[in-house]
Amino acid sequence: MIRATNWIGDAVMSLPAIEALEARFPTAEIVLVAKPWVSDVYSHSDPARRIIVYDSRGEHQGIAGFSKLIGQLQSERFDAAVLFQNAFHAAWMAWRAGIPVRIGYARDSRGFLLTDPIEPPPAASYGHQTFYYLHLLFRAGLIARPEPPRPLTDPWLSVGAGKKNWVTGFLESSGLHGPRFLAGLFPGAAFGPAKRWFPDRFAALADRLVAALSADVLIFGSQTERPLAEDIARQMSHTPILVAGEITLGQSMTLMEQCGLIVTNDSGSMHVAAALGLPVVAIFGSTDARATGPLGPNARVIQHLVPCNPCGLRTCPIDFRCMEGMTVATVYRAALELVKASEKPLNRPAHTRGS
Ligand code: SF4
């Protein structure tokens, strides 16, 4: 059993470690226990992968719900648990489920619940967050080297043919049938405002993409990011399609796969888009792209480097100079360069939407 991480970005960054474990134990049945909002990441990385959805806000809510989950885990008779999630609760769950071997980083005061508590490596020693998960397996003696089983720049996610029916219907009902150039914007970032570029700049960028590429602009995001998407739409001269808060992560993946360009803040969706192999312009502010930059063959990070970066804070305590210095022209230039360099053909008719 692998207790998966709860953040979408970490779910993507842990995929190489999951594949490394599967490659090392090809006859083992490896089952992921994952929260509902990340389960699409795992099913899109390998449709054959078995996932037990831990719905702590639904059927597994409260003491009775958690006991139900424990009963399910006990009936699986797992031989070992590997905990990619760092919390005490993950170790307690594995212990309660009676799993005899429990491997995880000794964090959150949970070492006594683990049979193999692994000292977390200093961040400077492993570099990109992907290696944090690979190092857990390596330090536990499960893999010979803390290396991914294939290049990190490979696409780690894909949308199966069977999942494309929905997107065809969605595009038709949105008036986007036929050859189009779709540009997807992800203006949110669940971590906090220090990762978010400004709505008025996203709006100005979107209008420039419409003018230059005859693009149809889609604005993605979660339900809580819907007001942000609406704010950007209000500030645009053209009319975008708002999908923020209206579709699931799985649907979002099939829709973003239709896009010839994705522009995003440093967020979980950035990792998903990059892992799908899409052309991604990733705007970094407070965080360190060397540690949590997007994996993928067509991802490009842009960052206005300032002495206080990376601060890792959720909210800027000073003047937000890392984002203030990121101009529309810079992002626009990076976007056009990436579109030109990408293999996706610009097969589009004259623009038919917009004001
Ligand atoms: S402290 Fe510096 S790096 Fe952090 S959000 Fe503010 S300007 Fe950006």
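These numbers come from a predicted model, not from an experiment.

Conventions and cut-offs
- Residues numbered from 1 in each chain as written.
- Predicted model: local features only at pLDDT ≥ 70, side-chain atom pairs only at ≥ 80, totals over all residues.
- Helix = DSSP H or I, 4+ residues; strand = E, 2+ residues; numbered from the N terminus.
- Rg over C-alpha atoms; globule rule 2.2 N^0.38 Å.
- Buried ≥ 20, exposed ≤ 12 C-beta atoms within 10 Å, placed from the backbone.
- Contact = placed C-beta atoms within 7 Å.
- Core = buried A, V, L, I, M, F, W, Y, C linked by C-beta atoms within 7 Å.
- Domains from an automatic or database assignment.
- Axes fitted to C-alpha atoms, helices over the stretch in contact; angles between N-to-C directions.
- Parallel < 35°, antiparallel > 145°, perpendicular 65-115°, else oblique.
- Left-handed = near helix turned anticlockwise from the far one by under 90°.
- Nonpolar A, V, L, I, M, F, W, Y, C, P; charged D, E, K, R; others polar.
- Pairing = 2+ DSSP bridges.
- Near = placed C-beta within 6 Å.
- Expected span 1.5 Å × (residues − 1).

### What about the overall build of the protein?
And step 1. Of regular secondary structure, the protein possesses 15 helices and 12 strands.
And step 2. In terms of overall size, the protein behaves like a compact globule, its C-alpha atoms giving a radius of gyration of 21 Å where 355 residues would be expected to give roughly 20 Å.
And step 3. The principal-axis extents of the C-alpha atoms in the protein amount to approximately 65 × 50 × 40 Å.
And step 4. By the burial criterion, 44% of the 355 residues in the protein qualify as buried.
And step 5. Within the protein, residue pairs in contact and separated by at least 24 positions form 59% of the contacts whose partners lie at least 6 positions apart.

### Side note on the nonpolar core
Nonpolar side chains in soluble globular proteins tend to be buried together.
And step 1. Ranked by internal contacts, the top residues of the largest apolar core, which has 100 residues, are Ala 183 and Ile 219.
And step 2. Top contributing element to this core by residue count: helix 9 (residues 199-213), with 8 residues.
And step 3. Residue-level mapping places this core at the junction of two domains, with at least three residues from each of domain 1 (2-139) and domain 2 (165-341).
And step 4. Not counting chain neighbours up to four residues away, the residues in contact with Ile 219 comprise Leu 185, Pro 187, Ala 229, Ile 232, Ala 233, Pro 240, Leu 242, Val 243 and Ala 244.

### Comments concerning the packing of helix 9 against helix 10 (residues 226-235)
And step 1. Interaxial distance between helix 9 and helix 10 falls to 8 Å at its minimum, and their mutual angle equals 50°. With respect to their mutual orientation, helix 9 and helix 10 come out oblique. The way helix 9 lies across helix 10 gives a crossing that is right-handed. Where helix 9 abuts helix 10, its residues Pro 199, Asp 200, Phe 202 and Ala 203 lie against Leu 228, Asp 231, Ile 232 and Gln 235.
And step 2. Grouping the constituent residues of the contact of helix 9 with helix 10 by class yields 5 nonpolar, 1 polar and 2 charged.

### Brief notes about the pairing of strand 4 (residues 80-83)
And step 1. Of the strand pairs in this sheet, strand 1 (residues 2-3) and strand 4 are connected by 2 bridges, and their pairing is parallel. The residue bridging Ile 2 from the neighbouring strand is Val 82, located in strand 4.
And step 2. Where strand 4 meets strand 5 (residues 101-105), 4 bridges bridge the pair, whose relative direction is parallel. Residue pairing across strands places Leu 83 opposite Gly 104, the latter belonging to strand 5.

### A short note on the site of the ligand
And step 1. Lining the immediate surroundings of the ligand are 13 residues, of which Ser 286, Cys 308, Cys 311, Cys 316 and Cys 322 lie closest.
And step 2. In terms of residue class, the shell around the ligand is made up of 9 nonpolar, 3 polar and 1 charged.

### Considering the domain arrangement of the protein
And step 1. Looking at the assigned domains, one finds that the protein contains domain 1 (2-139) and domain 2 (165-341).
And step 2. Distance from the C-alpha centre of domain 1 to the C-alpha centre of domain 2: 29 Å.
And step 3. Taken together, the 14 residues of domain 1 in the interface contact 13 residues of domain 2.
And step 4. Among the secondary structure elements, those contributing two or more residues to the side of domain 1 that touches domain 2 are helix 1 (8-13) and helix 3 (36-45).

### Notes on helix 9
And step 1. Here helix 9 contains 15 residues, and its C-alpha end-to-end distance of 21 Å stays within 8% of the 21 Å for a straight helix at 1.5 Å per residue.
And step 2. Every buried residue of helix 9 is listed here: Arg 201, Phe 202, Ala 203, Ala 204, Leu 205, Ala 206, Leu 209, Val 210 and Leu 213.
And step 3. Where helix 9 is buried, its residues contact strand 7 (182-186), strand 8 (216-219), helix 10, strand 10 (261-265) and helix 15 (328-341).

### Quick look at the sheet that holds strand 11 (residues 280-284)
And step 1. The 6 strands are arranged 9-8-7-10-11-12 in an open sheet whose pairing can be described as parallel. Taken across any chain shown, the strands that pair with only one partner, and hence form the sheet edges, are strand 9 (241-242) and strand 12 (299-303).
And step 2. Pairing of strand 8 with strand 9, which is carried by 2 bridges, proceeds in the parallel orientation. Within strand 9, the position partnered with Ile 219 by the bridge is Leu 242.

### What to know about the sheet that holds strand 6 (residues 116-118)
And step 1. Spatially, 3-2-1-4-5-6 is the arrangement adopted by the 6 strands of the open sheet, whose pairing is parallel. This sheet does not close on itself; its edge strands, each paired only once, are strand 3 (50-53) and strand 6.
And step 2. As paired elements, strand 5 and strand 6 share 3 bridges and run parallel to each other. Each bridged residue has a counterpart across the sheet, and for Ile 103 the counterpart in strand 6 is Asp 116.
And step 3. Strand contacts of helix 3: strand 2 (31-34) and strand 3, with the helix running at about 175° to strand 3, the strand carrying the most contacts.

### Concerning the packing of helix 3 against helix 11 (residues 249-256)
And step 1. Here helix 3 crosses helix 11 at 50°, and the two axes come no closer than 8 Å. In terms of orientation, helix 3 and helix 11 fall into the oblique class. Judged by residue contacts, Trp 37, Asp 40 and His 44 of helix 3 engage Leu 249, Gly 250 and Met 253 from helix 11.
And step 2. Across the contact of helix 3 with helix 11, the residue classes tally to 3 nonpolar, 2 polar and 1 charged.

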